Structure formats: C-alpha cells, structure tokens
Amino acid sequence: MTKDQGSNPVWNEKISFPVQLPCVDDQLKLVLRILDKDTFSTDDFVGETTIYLKELITEGEENGVAEMKPCSYAVILADRTYCGKIQIGVKFTLKEE
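Each chain has its residues counted from 1, following the order in which its sequence is written. With the structure being a predicted model, the display of local features is reserved for residues of pLDDT at least 70 and the display and counting of side-chain atom pairs for 80 or more, all residues being used for whole-chain, interface and lining totals. Values shown for side chains rest on all heavy atoms present in the structure; no hydrogens or waters enter the calculation.

Helix and strand counts for the protein chain stand at one helix and four strands. Each residue is placed in one exposure class: buried if its accessible area under a 1.4 Å probe, protein chains only, is under 20% of its type's maximum, exposed if it is over 50%, and partly exposed if it falls in between. The buried share among the 97 residues of the protein chain stands at 22%. At a minimum sequence separation of 6, the contacts of the protein chain that also span at least 24 residues come to 40%. Each accessible area is a Shrake-Rupley estimate made with a 1.4 Å probe; only the visible protein chains count as cover when residues are assessed. A total accessible area of about 8000 Å² is found for the protein chain, and carbon and sulfur atoms account for 50% of it. Think of it this way: Lys and Arg go in the positive column, Asp and Glu in the negative one, and His and the chain ends go nowhere. Every charge is mapped onto a representative atom, which is NZ of Lys, CZ of Arg, CG of Asp or CD of Glu. The average position of the 11 basic charges and that of the 17 acidic charges among the side chains of the protein chain differ by 3 Å. Going along the chain from the N terminus, every DSSP run of H or I of four or more residues is numbered as a helix, and every run of E of two or more is numbered as a strand. In this analysis, two residues are considered to be in contact whenever any of their non-hydrogen atoms come within 4.5 Å of each other.

Right, here's the structure in full:
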C-alpha cells in the first residue's frame, strides 16, 4: 500500500505464498491486480499484469532456488488497453519437507 505518491507509487513489498508441486498447469502464472485504497468507498481497480512462472518454477525445482530480476510488465485495464507499467522481481525457493 502506498500513500500520497501520485501516479508513480513505490511499494517495495515482499510477498510470500505457497506453490503446490508438482504443478499440473502448463500456464503457471501470477496475476497481480492493482487496486487503489479508498477510505469511504470500495477500492477501485487500477489495472493488472500477468507474470508467467513455468520456467522459474522448473528451474527452482531443479536447483532449489530461481530468481527473475526486477523487470517491467505492462499494466492493462479491464478493457485490455495499456495503462502503464510495473516493475516486479520474483524469487522461487524450494521448501524442503
């Protein structure tokens, strides 16, 4: 969440989530939906981006860890038009059971 950063916010957040292995879907992807934060009304959809993760997860399964350095992804609106970009880096770490 960011506050008072106008049209160029910086989140700089780390988010962790589990991935079920082995994966059965060839289209492994992370869809990030970007919303604004409203105090007195429903948060508004700002845009979304999709990051395909199949190669990252395959490499992570083989090596125990894999990383995609931060790069830019197009942010699109609900009508599929371009509205800007977001820079995202992703790291996959295999958790040993």
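That was the structure; now back to the text.
This paragraph deals with a negative patch on the surface. Residues forming no salt bridge and having over 30% relative accessible area are the ones grouped into patches, like charges within 9 Å of each other and nonpolar side chains (Val, Leu, Ile, Met, Phe, Trp, Tyr) within 5 Å. Salt bridge, as used here, is a side-chain nitrogen of Lys or Arg placed within 4 Å of a carboxyl oxygen of Asp or Glu. A cluster of like negative charges, contributed by Glu55, Glu59, Glu61 and Glu62, occupies part of the molecular surface. When you line up the elements, Glu55 lands in helix H1 (residues 54-63).

Topologically, Thr49 is positioned in strand E2 (residues 45-52). Sequence-distant contacts of Thr49, that is, excluding residues within four places in its chain, are made with Leu30, Val31, Leu32, Tyr73, Ala74 and Ile86.

In this section: the pairing of strand E3 (residues 65-76). Each pair of strands is called paired provided DSSP finds at least two bridges between the two strands. As defined by bridge partners, E3 adjoins strand E4 (residues 82-93) across ten bridges and the pair is classed as antiparallel. Residue pairing across strands places Tyr73 opposite Ile86, the latter belonging to E4. Between the antiparallel neighbours E3 and E4 lie five residues, among them Arg80 with a positive phi of about 75 degrees.

Right, let's get into the nonpolar core. Nine residue types can take part in a nonpolar core, namely buried Ala, Val, Leu, Ile, Met, Phe, Trp, Tyr and Cys, and a core is a set of them joined through side-chain atoms within 4.5 Å. With 14 residues, the main nonpolar core has Ile51, Leu53, Leu56, Ile86, Ile88 and Val90 as its most contacted residues. Elements supplying a minimum of two residues to this core: strand E1 (29-35), H1, E3 and E4. Top contributing element to this core by residue count: E4, with four residues. For Ile88, the residues in contact, after removing those within four places along its chain, are Leu32, Ile51, Lys69, Pro70, Cys71 and Tyr73.

Bringing unusual backbone geometry into the picture now. Leaving glycine out, the prevailing phi sign among residues is negative, and the prevailing peptide bond configuration is trans. Of note, the phi angle at Arg80 is positive, near 75 degrees, even though the residue is not glycine. Since its relative accessible area comes to 56%, Arg80 is described here as exposed.

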